[in-house]
Amino acid sequence: MFRLPLLLTALCLAVSGCAEDPRLEALNQGPPLPRGVEGVDDAVDGLIVGHRMMAAGEYELALKEYLRAAGDHGLTADVLSAIGSANLKLGRLGQAERMLRRATEKDEEFAAAWNNLGVVLMEQGETGEAARVFRIAFALDSGESAEIRKNLQGALAKIQNPAYTAENNTEFELVRRGSGQYRILSTP
C-alpha cells in the first residue's frame, strides 16, 4: 500500500518534471478550446473547492480537491494543512498529524495549522503537547481568533482536571487560513 506523502511527492516530482521538459510542451497544451470559451482555461482552484467541500461535510471529496491543489500549487503550507484537516475529519489521525506537522515546518507562523495540529493531538489524548501547540497558535494569532482561544482554554482545563471532557464544555474546532481570516470548517 502506498503512503500518501510518498505518493504526493512522486506526483509533484512527475508534474514538475514534465513541465520543464521542452519536448513535452506540446502535450501539455492539450486540444484547442471549444468555441465561446476562448481565454477560459483555468479550472476553479482545488483549495477553494476543497474548502467548500469541507464546509459541506464532504471530507473525502475535499481531500481529493486538496490533492488536486497539490498538483497545481505544490505542497505548500496551505495545501498540507488542508490535507491534514481533511484527514482529521476522516478519522485518519496519523496522516493528519504528519501533514499538519509538515505544514508548520514549512510556515512556522501559520496559526491555523498549529491550531489544527492541536486538535489532532487532543483527539489522540496528547493533551500536554496539544496545549503547547494551542499556545503557539494563540500567540501567532495575537489572541484574535475566538476558536483558537476556546481550544487553548479547553486543553488547559483538561490538564488541570483530567476528568474534564470536551463534551462537557468545549468542542475543539478546526480553522483555516483564507483571505487573512480564520473560519470554522465544521464541528463534529
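As the structure is a computational prediction, the values presented were derived from the model and not from experiment. Numbering of residues starts from 1 in every chain and runs along the sequence as written. Confidence filtering applies because this is a predicted model: local features only for residues at pLDDT of at least 70, side-chain atom pairs given and counted only at 80 or more, and all residues used for totals across whole chains, interfaces and linings. Only hydrogens and water are set aside; all other atoms, that is, all heavy atoms of the structure, feed into the side-chain values.

**A short note on the overall build of the protein chain**
Here's step 1: Going along the chain from the N terminus, every DSSP run of H or I of four or more residues is numbered as a helix, and every run of E of two or more is numbered as a strand. On a plain count of helices and strands, the protein chain comes out with ten helices and two strands.
Here's step 2: Going from the N terminus to the C terminus, the protein chain shows its helices and strands as α-α-α-α-α-α-α-α-α-α-β-β.
Here's step 3: Type-normalised accessible area, obtained with a 1.4 Å probe on protein chains alone, sets the label of each residue: buried when under 20%, exposed when over 50%, and partly exposed for intermediate values. Considering the protein chain as a whole, with its 188 residues, one finds that 39% of them fall into the buried category.
Here's step 4: Areas reported as accessible are Shrake-Rupley estimates using a 1.4 Å probe. Residue values count occlusion only from the protein chains shown. Of the roughly 10800 Å² of accessible surface on the protein chain, 53% is carried by carbon and sulfur atoms.

**A short note on the nonpolar core**
Here's step 1: Formed by 20 residues in total, the largest nonpolar core has its most connected members in Leu 47, Met 54, Tyr 66, Val 79 and Ile 83.
Here's step 2: Mapped by element, the contributors of at least two residues to this core are α3 (46-55), α4 (59-73), α5 (77-89), α6 (93-106) and α7 (111-123).
Here's step 3: Val 79 has contacts with Leu 47, Tyr 66, Ala 69, Ala 70, His 73 and Gly 74, leaving out every residue within four places of it along the chain.
Here's step 4: The term nonpolar core refers to a set of buried residues drawn from Ala, Val, Leu, Ile, Met, Phe, Trp, Tyr and Cys, joined through side-chain atoms within 4.5 Å. Membership of the second largest hydrophobic core comes to 18 residues, among which are Trp 114, Leu 117, Met 122 and Ile 148. In this analysis, two residues are considered to be in contact whenever any of their non-hydrogen atoms come within 4.5 Å of each other.

**Thoughts on the packing of α6 against α7**
Here's step 1: Each axis is a line fitted through C-alpha atoms, and for a helix only the stretch in contact is used; angles between axes span 0 to 180 degrees, taken between their N-to-C directions. The interhelical angle for the contact between α6 and α7, taken along N-to-C directions, is 150°, at an axis separation of 9 Å. Considered as vectors, α6 and α7 are oriented roughly antiparallel to each other. Of the two possible hands of crossing, α6 and α7 adopt the one that is left-handed. In contact with Leu 93, Ala 96, Glu 97, Leu 100, Arg 101, Ala 103 and Thr 104 of α6, α7 contributes Ala 113, Trp 114, Asn 116, Leu 117, Val 120, Leu 121 and Glu 123.
Here's step 2: A class-by-class count of the residues in the contact of α6 with α7 yields nine nonpolar, two polar and three charged. Working rule for angles: under 35 degrees goes down as roughly parallel, over 145 as roughly antiparallel, 65 to 115 as roughly perpendicular, anything else as oblique. Crossings are classed by handedness, with left-handed meaning an anticlockwise turn of the near helix from the far one by less than a right angle and right-handed meaning a clockwise turn. Residue polarity follows a fixed list, in which Ala, Val, Leu, Ile, Met, Phe, Trp, Tyr, Cys and Pro are nonpolar, Asp, Glu, Lys and Arg are charged, and the others, Gly among them, are polar.

**Here we look at the pattern of salt bridges**
Here's step 1: Salt-bridge detection follows one rule: a side-chain nitrogen of Lys or Arg within 4 Å of a carboxyl oxygen of Asp or Glu. Per the counting criterion, the structure on display carries six salt bridges.
Here's step 2: Of the charged contacts, one joins Arg 68 and Glu 65 as a salt bridge, the two residues approaching to 2.6 Å between their closest N and O atoms. Of the two residues, Arg 68 and Glu 65 both sit in helix α4, three residues apart, roughly one turn of that helix.
Here's step 3: You can call Arg 68 partly exposed: its relative accessible area is 30%.
Here's step 4: Linking Arg 101 and Glu 129 is a salt bridge whose minimum nitrogen-to-oxygen distance equals 2.7 Å. With Arg 101 in helix α6 and Glu 129 in helix α8 (residues 127-140), the pair connects residues that are 28 residues apart, well separated along the chain.
Here's step 5: Taking relative accessible area as the criterion, Arg 101 reaches 26% and is therefore assigned partly exposed.
Here's step 6: Through salt bridges that share partners, Glu 97, Arg 101, Glu 129 and Arg 132 make up one connected network.

**Considering the side chain of His 51**
Here's step 1: As for its placement among the helices and strands, His 51 is situated in helix α3.
Here's step 2: Nitrogen and oxygen atoms within 3.5 Å of one another constitute a polar contact, given that in protein one can donate a hydrogen and the other can accept it, and given that sequence-neighbouring residues count only through two side-chain atoms. Here Tyr 66 takes part through its side chain, which lies 2.9 Å from a polar atom of the side chain of His 51.

**Thoughts on the environment of Ala 82**
Here's step 1: Along the polypeptide, Ala 82 turns up in helix α5.
Here's step 2: Sequence separation between Ala 82 and Ala 103 is 21 residues, and the spatial gap between their C-alpha atoms is 9.1 Å.
Here's step 3: Not counting residues up to four positions away in its chain, the partners in contact with Ala 82 are Leu 47, His 51 and Tyr 66.

**Description of the confidence of the model for the protein chain**
Here's step 1: For the protein chain, mean pLDDT is 79; residues scoring 70 or higher make up 64% of the total.
Here's step 2: A residue's pLDDT is the predictor's confidence in that residue, given on a scale from 0 to 100. Ranking the helices and strands of the protein chain by mean pLDDT puts α6 first, with 98, and strand β2 (residues 181-184) last, with 37.
Here's step 3: Ignoring residues within four places in sequence, the model shows residues 166-170, a span with pLDDT below 50, making six contacts including any to other chains.
Here's step 4: Under a pLDDT of 50 for its full length, residues 179-188 has, in the predicted model, 27 contacts with residues more than four places off or in other chains.

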